[in-house]
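Structure assessment
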Amino acid sequence: NRSHVLAPKKALYGDRRTLVIFCDELNLVAPDAYGTPRALAFVRQLVERRGFWALSLNSARAALEPTRHARTASSRCAPTWVSLERVVAAAACNPPTDAGRRALPPRLLRHLRVLRVGTPDR
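Cut-offs applied
- Residues numbered from 1 in each chain as written.
- Predicted model: local features only at pLDDT ≥ 70, side-chain atom pairs only at ≥ 80, totals over all residues.
- Heavy atoms only, no water.
- Helix = DSSP H or I, 4+ residues; strand = E, 2+ residues; numbered from the N terminus.
- Buried < 20%, exposed > 50% of the residue type's maximum accessible area, 1.4 Å probe, protein only.
- Contact = heavy atoms within 4.5 Å.
- Areas by Shrake-Rupley, 256 points an atom, 1.4 Å probe, with all protein chains shown as cover.
- Polar contact = N/O pair within 3.5 Å; in protein donor to acceptor, adjacent residues only side chain to side chain.

A look at the overall build of the protein
If you tally the helices and strands in the protein, you get three helices and five strands. When the helices and strands of the protein are listed from N to C terminus, the series reads β-β-α-β-α-β-β-α. Residues classed as buried in the protein amount to 19% of the 122 residues present. In the protein, 76% of the contacts between residues at least 6 apart in sequence involve partners at least 24 apart. Only carbon and sulfur atoms are counted for the fraction: they give 55% of the accessible area of the protein, which is about 10000 Å².

Below, the structure is given as structure tokens:
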């Protein structure tokens, strides 16, 4: 099993930078037929396991440019674990009582620090 590491490049003079992934409107994700919000399950995996499974080494390029990097059954390989280093996730969402919003799953919430900011009076 080969593992790959995804980390921000070192800046000048050996400075170690941190990449912040910001997800806005996190609770707009609709669940699939089985009741699982798949995008939120992926975010949970990133936070909980500090990595993700890639179906191929070209998965990122195939997602960005599907016509140039089309997948075929013969090009699939065994999934590869990609570890994240110096990557932090931040998110924002409205209350689940707003139109179109849903409550975040408890399996995701247990990994998050929640800060609630109310509406200003003026």
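Topic: the environment of Ser 83
Note that Ser 83 resides in strand β4 (residues 80-84). Along the backbone, Ser 83 and Val 5 are 78 residues apart, and their C-alpha atoms lie at a distance of 4.7 Å. Side chain to side chain, Ser 83 and Trp 81 meet in a polar contact 3.2 Å long.

Looking at unusual backbone geometry
With a phi close to 55°, Glu 25 is a non-glycine residue in the positive phi region. With respect to the helices and strands, the residue Glu 25 is situated in the loop between β2 (19-24) and α1 (38-49). Of note in this structure, Arg 50 is not a glycine but carries a positive phi near 55°. Relative to the elements of secondary structure, Arg 50 occurs in the loop between α1 and β3 (51-54). Residue classification places Arg 50 among the exposed residues on the basis of a relative accessible area of 54%.

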